[in-house]
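# Structural characterization, general
The lines below spell out each chain.
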Amino acid sequence: MPNSQETFLAQTYSDAWSDYLFSLEKKTFPTWNWIIITAANNRQAESYRIQMNYNEATGCLPKSVKWAIVPDVNGERIGSGGATLNVFKYIIEHDNIDSLLKGKILIIHSGGDSKRIPQYSACGKLFAPVPRKLPNNKRATIFDELLIAVSGVPSRMISGVLVLPGDTDLLFNPLQLDLHDCDAAAFSMKASVAEGTEHGVFVNGKNGNVFSFLHKQSEEILKAEGAVDTYNQVDIDTGCIWMGNNLVRALLALITKNNKIDDYLFSTFVNSKVVLSYYADFLYPLAEKATLSAYYKETPEGIFCEELQKCRTIIWNILHKKCFLKLIRLNPAGYIHFGITQEMFDLFVNNINQYKFLGWQKQVICNLHSNAIGAANNSYIDPLACISSNSYIEDSVIGKQCIIENGSIISCLKLENQHIPSNIVLHCLKLKNGKFVCRIYGREDNPKSSMSGVFLGQSLQSIIHQYALQPQDIWNDAVPSIWNALLYPEADSSREALSLSLLLYHMAKGTATFEEVAVWKKRTRYSLKTSFVQADVAAILGWRRKVENYVRATECIQDILVGKQQKDCIKFLSQDVRLKEQILILKNHAKISPFPLNMRLYLAISELDKMKLNYIDDDFTTEDYETKAYECIKKVIIQDITTRYPFIFKREKLRKKVTIELPVRLNFCGSPTDAAPYCLEHGGTMLDSAMLVKGKKPIKAVARITNEKAITFKSFDLGLEEDYTNIEEIRNCGDPSDPFALHKAVLISSGVISKDFNDINDLYEQYGGGIYLSTSANLPKGSGLGTSSILAAAGIKAVHQLLNQDDSNDSVFAQVFAAEQLMATGGGWQDQAGGVIPGIKLIRSLPGINQKLFINPVVLPKSTVQDLQERLVLIFSGQRRLARNVLREEMNQTIRNDKKSLQILEKLQDICALMKLQLERGNVTRFAHYLTEQFKLVKKLDKGASNTCIEYIFAVCDDLIDGKSICGAGGGGFLMVILKNKITKKEIEKRIKDNFRDCGVEVWDCSLYFGEEDQ
């Protein structure tokens, strides 16, 4: 359970995130005028620019802020103080002096080489990862955390400069700051005495200003100097310093004349010999206890020299007793230092649970999430890889045959069939010349160490001696240290570079042969220093992005595969320019995936397209991926049905003409559980009945053999007839605007048009003539009574009987199901079963591609049938809506694995059984109440199932009815109501006529159909 301080800091971070979002979105929110990052040289500066450009492109920087990367002068180290003056010069030259003096400036010093944590040298420790995802789904870096943490600071000041170190994550509430009435302020946090011995410590004066600085002093000295309070804690130096206008003006006096940069003065204070320190040279004189003699002895960032002493004298004279440094104690507060490799390893692996309250996680942007494997950030790990739980992996791809031992760090590598030993760091770099090096060193090694320092458990000195090498083989003319040692051979691939680095490991262990060492010696080799200097930063960042895209897309795919809701699955994807590349991965995976994964991937892509994000190129929306999803459904259904019901032609018993007449169906409950893909994955349940309209079977199909070399289609309803002689035109039956799409689908799904037919001659020769197929349905289009599917059933029955094929119900139901897929109407199996099988019946199917129907007739006494017949009324709404449009949206919810929709569909199947039970009990009123209940659920499933006009029709007759619903998918067509007991059909007919007076809304005569013998 988190303590109160953790709770405060967690809330503080949440508040900081809100401030950060306001800084991005609201023009009136106080924010920085300038964000400046210092860099060691132009190469490092270019690396930072690439990453900052990306932040800007993805909307992660305030739109009004100006930002710049300012490298040290001439690529020579000028110290943090020199870098600060260089920033002042940059702002004055690129804006004006008022911008500096009146603006709100954020400076982040990040010009180091990261010698103690080399895997971040090339791209900068400032942009090193932090083990958590930001609320906007981006993986956090130290820069992100710093920017978020100080987003509220501009509102606490009128103007000034805030200086931050680039290797510390700050946790504090800006509301604790008061920066209006001081020259400068040091942000301090409480820490234990033991921690204070490893850092700088402030001693507070009586007036609230810093009395003295103590840097890495013993506990005894800290106590003697009055730095330790009664709680045995000290005010630790976070490196976070705010400079007000007085201090900025004083420092500007060092490098300007008449408010302009003076080149001579600037070069006097900003150069590689003086190497001014921001902390030792600018802040020390601000302390009340400071003395000039002690100031001269402050440890410099460079070396003691006469030029430095002269500069310090001038600085002392303009700062001491003229500007004061206020001590601001932030509490509760905290800071997290990312200093050395071991420190980072402890944070990310050993102590990560201490930061759960900040949202830190062991695995971030990783396809695996388990305590059984190591910490990972932006990495793909094959589930069959063997990863120690005490290891750290970042920006890498780990294959299934890999073993990574305890305590190791893997960075920017693709591993296949590799066994990585314990307690080492492996980091791959691509160089500007296109080659690769893989740097290896011990996790606890100090790269600053000399040749006698520990390297992979040995000293370089001992390795040189063991393999008869010479110091010049390793260092040429450089200062002998691990940092400068030419250890890492250039290679043509990252895999080869890895093998060569593991050879270096064997050299340290004494297990390499002299022949191997001789080959290693002949190679072009790099040191930790020269390899990062020659690193191709753009390629490295490109690799990181490639890994991230793959991991995010893979995570999305995995979540879809295990049945998570689509809206949760796509949350893992980026919501910026990277999404384009991640969608491409999803597309490629969809092409090779089996059903139903391919269906879900295509719909997910379609949903992403619908978001109309401005970073998705137009070519991502040129294809209808929703249609592709349904093509996947169509493919598996048609493959199954054509396999189970093959067309086997026999010349005997052919007939010249067949006429089929069928009733329509009335669905009481269960729709759309019969539609694909829901029924394929969950099974479906329907309660419906066959029905006559105006006392007749309204569906009719006629098939006959003709003497013409043609296929003739006729629609009596449309008054159209057309001859086809091109077989390919028949096969094209997916156009909803085609008046003969149904006729074509009937011949294709029934097998009459064989896949072996090349032209009309093949058909004519096989059947001894052409084929004629006509249809008629004396009903409005879009009636909701299953007209299309029942017409298809009648057509298939007709051609089957004509050509002596299997016209069993199972065959016809399946082939109509296939015909609906061919027409892309999305119909299920309820319509054909409801119309072909007389009476009221409960129809079920089990999950599976083979939708075998189990039909359970509802046997009712005549009194119940009579009661239901007298109270059942069919009302035409005067509106038409294509069932395809309704079903598509309802089935999209299924494909999305939408929990609420799936629960509704499950509930609808339960209600089917309850309605059947009430009918069998003879309780038509209770049956009617359930009819209304299922209608409410259908409207939740699809808002388009009803509309204002439909609801008005129901409202008009509400006092006359016990139950109401739509027919079919709804949105128009016919409505059904169950009258209250003793209410007559004439009463409702009059009510409808009085209110809608010849505008198309009317009561139609209907009767449930129980078979010819019951008529």
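Use the structure listed above.
Notes on the structure follow. Since this is a predicted model, take the numbers as computed values, not measurements.

### Thoughts on the overall build of the protein chain
Secondary structure summary: the protein chain contains 36 helices and 44 strands in total. Taking 1015 residues into account, the globule formula puts the C-alpha radius of gyration at 31 Å, and the protein chain, at 39 Å, lies well above it. Judged by the C-alpha coordinates and their principal axes, the protein chain covers about 120 × 70 × 50 Å. Within the protein chain, the fraction of its 1015 residues that count as buried is 59%. Here the protein chain has roughly 41400 Å² of accessible surface; of this, 49% comes from carbon and sulfur atoms. Here the protein chain carries 117 positive and 114 negative side-chain charges, and the mean point of each set is 2 Å from the other.

### Quick look at unusual backbone geometry
The step from F595 to P596 runs through a cis peptide bond, and the omega angle for that step is 5 degrees. Secondary-structure assignment places P596 in the loop between α21 (579–592) and α22 (597–610). Here A676 and P677 are connected by a cis peptide whose omega angle stands at 10 degrees. With a phi close to 50 degrees, I365 is a non-glycine residue in the positive phi region. By secondary structure assignment, the location of I365 is in strand β16 (residues 363–366). Assessed through its relative accessible area of 1%, I365 is described here as buried.

### Brief notes about the packing of helix α26 (residues 741–749) against helix α29 (residues 809–823)
Running from N to C, α26 and α29 point in directions that differ by 130 degrees, and their axes come no closer than 9 Å. Viewed along their axes, α26 and α29 adopt a mutual orientation that is oblique. Judged by the sense of rotation from one axis to the other, the crossing of α26 with α29 is right-handed. For the pair formed by α26 and α29, the contact residues are A741, L742, A745, I748 and S749 on the first element and Q815, A818, A819, L822 and M823 on the second. A breakdown of the residues in the contact of α26 with α29 according to their chemical character gives 8 nonpolar, 2 polar and no charged.

### A closer look at the sheet that holds strand β34 (residues 699–706)
Within a beta sheet, neighbouring strands are joined by backbone hydrogen bonds and run either parallel or antiparallel to one another. Strand order in this open sheet of 5 strands is β31-β34-β37-β35-β36, and the pairing throughout is mixed. Edge strands, defined here as strands with exactly one partner in the open sheet, are β31 (657–662) and β36 (720–724). Between one strand axis and the next, the sheet turns by 10 degrees as a mean value, whatever way the strands run. Examined bridge by bridge, strand β35 (residues 711–715) and strand β37 (residues 770–777) share 5 bridges and lie parallel to one another. Each bridged residue has a counterpart across the sheet, and for S715 the counterpart in β37 is T775.

### Looking at the side chain of T256
Mapped onto the elements of the fold, T256 is located in strand β12 (residues 256–257). Discounting chain neighbours no more than four positions away, the residues touching T256 are I92, I261, D262 and L265.

### Structural notes on the pairing of strand β1 (residues 34–39)
Most of β1 sits inside the fold, with 6 of its 6 residues counted as buried. Of the two faces of β1, the one carrying W34, I36 and T38 and the one carrying I35, I37 and A39 are both buried. Direction of pairing for β1 relative to strand β3 (residues 104–109): parallel, over a ladder of 5 bridges. By the bridge assignment for β3, I37 is matched with I108. Here 6 bridges tie β1 to strand β2 (residues 66–71), and the two strands are oriented parallel to one another. Each residue of the ladder has a partner; that of T38, found in β2, is V70. On the question of chirality, the crossover connecting β1 to the parallel β2 by way of helix α2 (residues 42–57) is right-handed.

### Things to note about the pattern of salt bridges
All told, the structure shown has 47 salt bridges when counted by the stated rule. For R49, the salt bridge identified is with E46, shortest N-O distance 3.6 Å. Placement of both R49 and E46 in helix α2 is noted, with a separation of 3 residues, approximately one turn of the helix. Residues D810 and K852 are paired through a salt bridge, measuring 2.8 Å at the closest nitrogen-oxygen approach. Here K852 lies in the loop between β38 (840–845) and β39 (853–857) and D810 lies in helix α29, a separation of 42 residues in the sequence. For D810, a relative accessible area of 31% puts it in the partly exposed group.

### Looking at the nonpolar core
Nonpolar side chains in soluble globular proteins generally cluster together in the buried interior. Ranked by internal contacts, the top residues of the largest apolar core, which has 153 residues, are L666, I711, L747, L785, I840, I875 and I988. Aside from chain neighbours lying at most four places away, what touches I840 is F668, L687, D688, S689, P857, V858, L860, L868, L919, L1008 and F1010. Ranked by size, the runner-up nonpolar core spans 133 residues in total, among them L61, L106, C428 and L541.

### Some words on a negative patch on the surface
Together, E708, E722, D723 and E729 make up a negatively charged patch on the protein surface. Tracing the backbone shows E729 in helix α25 (residues 727–731). For E729, a relative accessible area of 40% puts it in the partly exposed group.

### Considerations on the sheet that holds strand β21 (residues 403–404)
Across the sheet, which stays open at both edges, the 3 strands sit in the order β18-β21-β24 with parallel pairing between neighbours. Pairing within the sheet leaves two strands with one partner each, and these edge strands are β18 (386–387) and β24 (419–420). Of the strand pairs in this sheet, β21 and β24 are connected by 2 bridges, and their pairing is parallel. Bridging across to β24, I403 finds its partner in H419.

### Remarks on helix α19 (residues 537–561)
The end-to-end C-alpha distance of α19 is 36 Å, a good match for the 36 Å that 25 residues give at a rise of 1.5 Å each. Positive phi appears at G563, one or two residues downstream of α19, with a value of about 95 degrees.

### Concerning the environment of F927
Of note, F927 is situated in helix α34 (residues 924–941). Other than its neighbours up to four places away in sequence, F927 contacts F668, L687, L868, M915, Q918, L919 and I978.

### Considering the environment of G683
Turning to its location among the elements, G683 is positioned in the loop between α24 (678–682) and β33 (685–693). Sequence spacing of G683 and L853 is 170 residues, and the spatial spacing of their C-alpha atoms is 9.8 Å. Not counting chain neighbours up to four residues away, the residues in contact with G683 comprise T673, Y678, S845, L846, P847 and Q909.

### Let's talk about the environment of K714
Residue position: K714 is located in strand β35. With a relative accessible area of 23%, K714 lands in the partly exposed category. Residues K714 and L773, spaced 59 residues apart in sequence, show a C-alpha to C-alpha distance of 6.4 Å. Not counting residues within four places of it along the chain, the set of residues in contact with K714 comprises L720, E721, F740, H743, Y772, L773, S774 and T775.

The rules behind these values
- Residues numbered from 1 in each chain as written.
- Predicted model: local features only at pLDDT ≥ 70, side-chain atom pairs only at ≥ 80, totals over all residues.
- Heavy atoms only, no water.
- Helix = DSSP H or I, 4+ residues; strand = E, 2+ residues; numbered from the N terminus.
- Rg over C-alpha atoms; globule rule 2.2 N^0.38 Å.
- Buried < 20%, exposed > 50% of the residue type's maximum accessible area, 1.4 Å probe, protein only.
- Areas by Shrake-Rupley, 256 points an atom, 1.4 Å probe, with all protein chains shown as cover.
- Lys, Arg positive; Asp, Glu negative; His and termini not counted.
- Charge placed at Lys NZ, Arg CZ, Asp CG, Glu CD.
- Axes fitted to C-alpha atoms, helices over the stretch in contact; angles between N-to-C directions.
- Parallel < 35°, antiparallel > 145°, perpendicular 65-115°, else oblique.
- Left-handed = near helix turned anticlockwise from the far one by under 90°.
- Contact = heavy atoms within 4.5 Å.
- Nonpolar A, V, L, I, M, F, W, Y, C, P; charged D, E, K, R; others polar.
- Pairing = 2+ DSSP bridges.
- Right-handed = clockwise from strand over helix to strand, strands pointing away.
- Salt bridge = Lys/Arg side-chain N within 4 Å of Asp/Glu carboxyl O.
- Core = buried A, V, L, I, M, F, W, Y, C linked by side-chain atoms within 4.5 Å.
- Patch = residues over 30% accessible without salt bridge, like charges linked within 9 Å, V, L, I, M, F, W, Y side chains within 5 Å.
- Expected span 1.5 Å × (residues − 1).

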